[in-house]
Every structure is written in C-alpha cells, then in structure tokens.
Amino acid sequence: MDRRHVEREKRTVAAMVGIYCTDLHGSPRGGLCDDCAGLLDYSRQRLDRCPYGDGKPTCKVCPVHCYQAARRASMQTVMRYAGPKMFRRHPWLAVMHVWTEYLRPDPQRPRFRRTSSDPRA
C-alpha cells in the first residue's frame, strides 16, 4: 500500500507541534518538550493505525475519531495555534493539508474484517 499521504500527514503534524512547542514552551527549534513529544508520538501511532490507510481524510473531517478525548483537545489547541503560521513556515505542507481537508473527496468508510472469534461473524 502506498503510504505517501500518511507520511505527509505525519510531517504536517510534526511541523505544527514544533511551531507550537517552540513558540509557547520555549523549546529550541527542532526540539520538543516532554508533553509535546508525547502528543506527537501518540499522533503518529494513530496515523499508523488509521483504518482509511492512504485514503484518509484530515482528522477534522474524519467520521472516525480515534484520539482519546484529552489528546484530541490538546491536538486541536496545537492546530488552532500553529495552523495560521504554517503558510509562512511550511507553505507546501500547509497547501497540501488544506487541499486534503477541503478539496479531496470524502472516502468511503472502510469495512472492517471480521474474524472467526468475532461473535457477529
């Protein structure tokens, strides 16, 4: 499976968390505080396990919310702060993120495979 979209999404999230942490937590450019590093690791795990794979929409418009409530609120705070700054600091990632969020067609919800141990099978 081609994972280019997911890898670009990981770079976008890393850039946003980096902007947020550098500006608000005083971390050196390229470094993250423990809280932001934990949030970034969590987001990477969630992206790796996304049921949509490379056809995933941005998390804002995704019908499946896979983040824990506290982590989702933290990521929303990061994105609200860093989103407007992305066009100046990382223009290509920002344009691709906007294209994915607003112009890319919504994917069909994936069908989950049932196993023999699944009671619904």
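Here the structure is shown first, and the text comes after it.
In this report, the structure presented in the accompanying data block is examined. Nothing here was measured: the structure is a model prediction, and the numbers come from that model.

## Section: the overall build of the protein
The helix and strand tally for the protein stands at 4 helices and 0 strands. Reading the protein from its N end, one meets helices and strands in the order α-α-α-α. Sorting the 121 residues of the protein into buried and exposed places 36% on the buried side. Considering only contacts within the protein whose residues lie at least 6 apart along the sequence, 73% involve residues at least 24 apart.

## As for a nonpolar patch on the surface
Side chains of Phe 87, Val 95, Val 98 and Tyr 102 sit close together on the surface and give an oily, nonpolar patch of about 390 Å² of accessible area. Among the elements that line the nonpolar patch, the one with the most residues is helix H4 (residues 91–103), at 3 residues. One can find Phe 87 in helix H3 (residues 69–89). We classify Phe 87 as partly exposed; its relative accessible area is 47%.

## Side note on the nonpolar core
Val 13, Met 16, Val 17, Cys 36, Met 75, Val 78 and Met 86 are the most contacted members of the largest nonpolar core, which has 18 residues in total. Mapped onto this core, the elements with two or more residues apiece are helix H1 (4–25), helix H2 (34–48), H3 and H4. It is H1 that provides the largest number of residues to this core, a total of 7 residues. Each residue touching Met 16, except ones within four places of it in the same chain, is listed here: Val 78, Met 79, Ala 82, Gly 83 and Met 86.

Conventions used here
- Residues numbered from 1 in each chain as written.
- Predicted model: local features only at pLDDT ≥ 70, side-chain atom pairs only at ≥ 80, totals over all residues.
- Heavy atoms only, no water.
- Helix = DSSP H or I, 4+ residues; strand = E, 2+ residues; numbered from the N terminus.
- Buried < 20%, exposed > 50% of the residue type's maximum accessible area, 1.4 Å probe, protein only.
- Contact = heavy atoms within 4.5 Å.
- Patch = residues over 30% accessible without salt bridge, like charges linked within 9 Å, V, L, I, M, F, W, Y side chains within 5 Å.
- Areas by Shrake-Rupley, 256 points an atom, 1.4 Å probe, with all protein chains shown as cover.
- Salt bridge = Lys/Arg side-chain N within 4 Å of Asp/Glu carboxyl O.
- Core = buried A, V, L, I, M, F, W, Y, C linked by side-chain atoms within 4.5 Å.

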